[in-house]
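The residues making up each chain are set out below.
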Amino acid sequence: QVQLVESGGGLVQAGGSLRVSCAASGGTFSSYVMGWFRQAPGKEREFVAAISQSGYNTRYADSVKGRFTISRDNAKNKVYLQMNRLKPEDTAVYYCASAPFIGLPTTTSQYDYWGQGTQVTVSS
């Protein structure tokens with residue numbers, strides 16, 4: 001059983017930056033693909049970014065490509081999402097998730113463990 005806990009959300013002005021973190025416990029962190037998803041009010045949860053077990057490979061949603069960076073520290077069992085040039089439409093609850101796959105899945109059904117989420121609000 002993997003436990004995931006997100007932190008680092010908050011309120012930021014448009015154009016600003018924020019880094020959210022996810023701490024993992026209860027499993028072999030380095031064996032999991034890690035992903036970030038987000039869910040805005042009234043919308044479905046959507047893929048944001050994913051990173052391979054080694055951290056060498058990453059994948060991003062088109063809406064965040066060039067602005068967001070996913071990274072991981074296997075020694076600390078953590079995954080990060082650095083968000084730059086934030087826009088009001090980035091406002092959502094951000095979730096981290098783990099997947100026991102090779103590859104970089106982008107759908108929620110491919111991830112088996114989820115955190116509780118952290119709120120990110122971008123004001124205009």
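Anyway, here's the lowdown on the structure attached to this text. (Residues numbered from 1 in each chain as written. Predicted model: local features only at pLDDT ≥ 70, side-chain atom pairs only at ≥ 80, totals over all residues. Heavy atoms only, no water.)

## Thoughts on the overall build of the protein
Move 1: For the protein, the count of helices and strands is zero helices and eleven strands.
Move 2: Listing every helix and strand of the protein by position from the N terminus yields β-β-β-β-β-β-β-β-β-β-β.
Move 3: Taking 124 residues into account, the globule formula puts the C-alpha radius of gyration at 14 Å, and the protein, at 13 Å, falls close to it.
Move 4: For the C-alpha atoms alone, the extent of the protein along its principal axes is close to 40 × 25 × 25 Å.
Move 5: Within the span of the protein, comprising 124 residues, buried residues form 43% of the whole.
Move 6: Within the protein, contacts between residues separated by at least 24 positions form 59% of all contacts whose residues are at least 6 apart in sequence.
Move 7: Summing over all exposed atoms, the protein offers an accessible surface of approximately 6,200 Å²; the carbon and sulfur share of this is 47%.
Move 8: Separation of charge centres in the protein, based on 12 positive and 8 negative side chains, amounts to 6 Å. (Helix = DSSP H or I, 4+ residues; strand = E, 2+ residues; numbered from the N terminus. Rg over C-alpha atoms; globule rule 2.2 N^0.38 Å. Buried < 20%, exposed > 50% of the residue type's maximum accessible area, 1.4 Å probe, protein only. Contact = heavy atoms within 4.5 Å. Areas by Shrake-Rupley, 256 points an atom, 1.4 Å probe, with all protein chains shown as cover. Lys, Arg positive; Asp, Glu negative; His and termini not counted. Charge placed at Lys NZ, Arg CZ, Asp CG, Glu CD.)

## Concerning the packing of aromatic side chains
Move 1: Summed over the entire model, instances satisfying the criterion amount to four aromatic pairs.
Move 2: Seen from the ring of Phe29, Arg72 lies directly overhead, with NZ or CZ sitting 4.5 Å from the centre. (Phe/Tyr/Trp six-rings, centres within 6.5 Å; stacked < 30°, edge-to-face > 60°. Lys NZ or Arg CZ within 6 Å of the ring centre and 35° of its normal.)

## Here's the deal with the sheet that holds strand E1 (residues 3–7)
Move 1: The strand order across the open sheet built from four strands is E1-E3-E8-E7, with neighbouring strands paired in antiparallel fashion. Looking at strand neighbours, the two that pair on one side only are E1 and strand E7 (68–73), the edges of this open sheet. Each adjacent strand pair in this sheet contributes to an overall mean axis angle of 15 degrees, direction not counted.
Move 2: Alignment of strand E3 (residues 18–25) against strand E8 (residues 78–83), held across six bridges, turns out to be antiparallel. From the neighbouring strand, Val20 faces E8, where its bridge partner is Leu81. (Pairing = 2+ DSSP bridges. Axes fitted to C-alpha atoms, helices over the stretch in contact; angles between N-to-C directions.)

## Describing unusual backbone geometry
Move 1: The backbone phi angle of Asn77 is positive, close to 55 degrees, even though this residue is not glycine.
Move 2: Checked against the element boundaries, Asn77 lands in the loop between E7 and E8.
Move 3: Judged by its relative accessible area of 26%, Asn77 falls in the partly exposed class.
Move 4: Look at Arg85: it is not a glycine, yet its phi comes out positive at around 50 degrees.

## Some remarks on the environment of Glu6
Move 1: Its location among the elements puts Glu6 in strand E1.
Move 2: What Glu6 contacts, discounting residues up to four positions off in sequence, is Ser21, Cys22, Trp36, Tyr94, Tyr95, Cys96, Gly115, Gln116, Gly117 and Thr118.
Move 3: Within the structure, Glu6 has its side chain in polar contact with the backbone nitrogen of Gln116 (distance 3.0 Å).
Move 4: Among the polar contacts listed, one links the side chain of Glu6 to the backbone nitrogen of Gly117, at a separation of 2.9 Å. (Polar contact = N/O pair within 3.5 Å; in protein donor to acceptor, adjacent residues only side chain to side chain.)

## A short note on the state of the cysteines
Disulfides are covalent bonds that link the sulfur atoms of two cysteine residues.
Move 1: Tallied over the entire structure, the rule returns one disulfide.
Move 2: Between Cys22 and Cys96 runs a disulfide, and the two sulfur atoms are separated by 1.9 Å. Where Cys22 bonds to Cys96 through sulfur, the torsion about that S-S bond is close to 45 degrees, and the disulfide is right-handed. With Cys22 in strand E3 and Cys96 in strand E9 (residues 92–99), this pair connects stretches of sequence that are 74 residues apart.
Move 3: Under the relative-accessibility criterion, Cys22 is labelled buried at 0%.
Move 4: Taking the relative accessible area as the measure of exposure, Cys96 reaches 0% and is therefore buried. (Disulfide = S-S within 2.5 Å.)

Read these as layout, nothing more, since geometry by itself doesn't imply function.
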